[in-house]
Structure formats: structure tokens, C-alpha cells
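# Observations on chain architecture
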Amino acid sequence: MDQSTMRHPNSAVLGSVKIEIAETVRFIEEDGKYTFVLEDFTDLGLGRGFSATPNSTNIEIQADNGTVPLTGKTNVSYSIAGNLLERHLPTLSKILKGQVHVFPITEAAKTYTETAGPGTLEGYWIFGAWNADGSMPTNITISQEGVDLVLGTDYLVEDINDLWTVIFLNSIDDSKETTITYTVKSAKSWRLTRGSGGVSSHYALRLTNKREADDGSIITRVWEFPYVAFEGEQNLSFKSSNDSDSVMEVPISFKATPHPDMVNDEDLAKECLMRETVSGNSING
């Protein structure tokens, strides 16, 4: 016999998460209090088995002549782990920053010409090729029916989630064919090297889970860890080609600790280790 019923069905977390590195933690004032936002994200891609496990030491104080009314936790941290299914060396360079060196072997500079037909721009254009070092393409020329557009007046070029993108401004005429010419030095190969040791760099992590609510709206749940470093090892475990699932798993393991620039601020100290946020039209159901 059931002893209770599910009181908030939309609060159930379904499925896995997207895991991202954020290279920037920015402090802002919001509603009269200081908080933080994460910026400059890199999606770590497909994976499985993601988890975030809290760690701590119990506060246990004893006295000879009475009971000490103090309990709690200290040395708090989180262990965040999982397995990626993509061994993408530029992504690993960000995960393992400070421990490995990753660099491209580049080709000679090459000029590309790409064309967008009328009505296909949708306000932006993502470059089809890119520089191996991640820098902006050079010698960019954008024209419509033989007339060159002007940077800053007709368009902008911005790095959006590691993709160099042309942002067309209101002056653009989407009814005309648009030609984009640019030059890049692409990678013909990537190389990862490791020396005798290294010091892990710190960054932030964001885990995002999305699910559909019972009314069809989307509920988004986000876990943010503002101070994280990689603490695992990069094991190479190969699968048999006869296995039904023969993809090599890339183990990742991080340790999140309180952000040192947040622990002494009255507002920021409350979220210096982890923050969970849930949003959506049906979060109360």
C-alpha cells in the first residue's frame, strides 16, 4: 500500500547532463548582493556516467565535563567525474591545462570563399574553416552583389562558443546573395605531449540538465562549481573491435573546492563551492 504520493513530479531529474568548462568567473551585483556568473564556455561533448559527489570532514568536538553543542562540516569539496566518448585534443588541452601541452601542426594559409543564398542568413554566418590556434580568420571580405559590406556598420565578427561568427546588423539586405571570403591556417594534425610534471590550472564547471515538464514546457537545472581543477589521470583503455560498444572512454575527474576569492565575502561565501539553479514555467509543479 502506498504511504505517500509524488508531490512535485516536475522536480524529478531525468537523464544525464551537459558538462562545460567555463574559463571566466565574473563577480556582479544583483538585487543589492554580490554573486557570480560564468563565461567563456567549452562543451566537453558526449559522455556517460557523470556524477558529482560531496566530500567533507565532520566537526566533532568533545569535552571532559559536558556536551559541546557544535556539529557540522569542514574541508568541504566535490568530486566530479565521468567518461567522455570524444578524445578531442583541443578540448583535452583545456581540461588538462597546466599538465599537458597541446598544439597544432598547421597547413599553409588558405583562402576560402563561401556563398549564402537569399533568405538564408538568419542574422549570422558561421565560418566553415578556422585557424588552428583559435584566432579570428584574416582578410575577411563580405559583399552583396559586388558591393563590399563595412565591418562595424553592416556586420561584426565575434567568437561565440569557440565558433567565429559573422553577426549581421540591421543594415544587411537578406534578399541578396552574400559572398564571404577569408583566410585561415588550419591544422593538418594535433599533438599532445606530457613532461615530467605540471601544476593544474583552475577553471569553473557547469552541469546542465533539461527535461520536458508535464505541460510541455522545458525545465532547466544547472549546477555551477566556480573553482575546479583536474585531479585524475588520462588512462588509455582500448576496446575490442568485436565489442558491440567499441568506443574508447576518456576518464575525467575534477575536484571542486571553495573559491579563494569568495570565501571572505558575506554574500559570495554562501555559494563559493557550488550553486544549483532550477528554472522554467513549471518548476513549482
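Okay, so let's go over this structure. (Residues numbered from 1 in each chain as written. Predicted model: local features only at pLDDT ≥ 70, side-chain atom pairs only at ≥ 80, totals over all residues. Heavy atoms only, no water.)

## Things to note about the packing of aromatic side chains
With the rule as written, the count across this model stands at five aromatic pairs. Between phenylalanine 127 and tyrosine 182, the ring centres sit 4.7 Å apart and the planes meet at 80°, which makes this aromatic pair edge-to-face. In this pair, phenylalanine 127 sits in the loop between strand S7 (124-126) and strand S8 (138-144) while tyrosine 182 sits in strand S12 (residues 178-184), placing the two residues 55 residues apart along the sequence. One exposure class covers both phenylalanine 127 and tyrosine 182, and it is buried. An angle of 85° between the planes, with centres 5.7 Å apart, marks the rings of phenylalanine 230 and phenylalanine 254 as edge-to-face. Here phenylalanine 230 is found in strand S15 (residues 218-230), whereas its partner phenylalanine 254 is found in strand S16 (residues 250-256), with 24 residues between them in sequence. Judged on exposure class, the residue phenylalanine 230 and its partner phenylalanine 254 are both buried. Grouping aromatic residues by their ring pairs yields a cluster made of Tyr112, Phe127 and Tyr182. (Phe/Tyr/Trp six-rings, centres within 6.5 Å; stacked < 30°, edge-to-face > 60°. Helix = DSSP H or I, 4+ residues; strand = E, 2+ residues; numbered from the N terminus. Buried < 20%, exposed > 50% of the residue type's maximum accessible area, 1.4 Å probe, protein only.)

## Looking at the sheet that holds strand S11 (residues 163-168)
Remark on secondary structure: sheet strands pair via backbone hydrogen bonds, oriented parallel or antiparallel. Spatially, S7-S11-S10 is the arrangement adopted by the three strands of the open sheet, whose pairing is antiparallel. Strands at the two margins of the open sheet, each flanked by one partner only, are S7 and strand S10 (155-160). The sheet shows a mean angle of 25° between the axes of neighbouring strands, taken without regard to direction. Pairing between S7 and S11: three bridges, direction antiparallel. (Pairing = 2+ DSSP bridges. Axes fitted to C-alpha atoms, helices over the stretch in contact; angles between N-to-C directions.)

## Re the layout of surface pockets
Sizing a probe to match a water molecule and rolling it over the atoms shows the empty space that remains. In this structure, the largest pocket occupies an estimated 910 Å³ of space. Lining of the largest pocket is provided by 34 residues; of these, His88, Pro90, Lys94, Trp130 and Asp162 occupy positions nearest its centre. Of all the secondary-structure elements, those providing two or more residues to the lining of the largest pocket are strand S1 (18-30), strand S2 (33-43), helix H1 (89-95), strand S5 (101-106), S11 and strand S13 (187-193). Among the elements that take part in the lining of the largest pocket, H1 stands out by supplying six residues, more than any other. When grouped by side-chain class, the residues that make up the lining of the largest pocket number 17 nonpolar, nine polar and eight charged. Volume-wise, the second largest pocket comes out at about 170 Å³. Considering each element in turn, the lining of the second largest pocket owes the most residues, three residues, to S2. Along the lines of polarity and charge, the residues of the lining of the second largest pocket split into one nonpolar, one polar and seven charged. (1 Å grid on protein atoms, 1.4 Å probe; cavity = no way out; pocket = protein on both sides within 12 Å on 5 of 7 lines; lining within 4 Å. Points joined across faces, edges and corners; volume = space filled by probe spheres on them. Nonpolar A, V, L, I, M, F, W, Y, C, P; charged D, E, K, R; others polar.)

## Here's the deal with the pattern of salt bridges
Across all of its chains, the model carries 10 salt bridges by this definition. Across the pair arginine 48 and aspartate 245 runs a salt bridge, and its minimum N-O distance is 2.8 Å. Here arginine 48 is found in strand S3 (residues 47-60), whereas its partner aspartate 245 is found in the loop between S15 and S16, with 197 residues between them in sequence. Between arginine 194 and glutamate 233 there is a salt bridge, with its nearest N and O atoms 3.3 Å apart. Pair noted here: arginine 194 is in the loop between S13 and strand S14 (203-212) and glutamate 233 is in the loop between S15 and S16, with a separation of 39 residues, a long-range link. On the basis of relative accessibility, which here comes to 47%, the residue arginine 194 falls in the partly exposed class. (Salt bridge = Lys/Arg side-chain N within 4 Å of Asp/Glu carboxyl O.)

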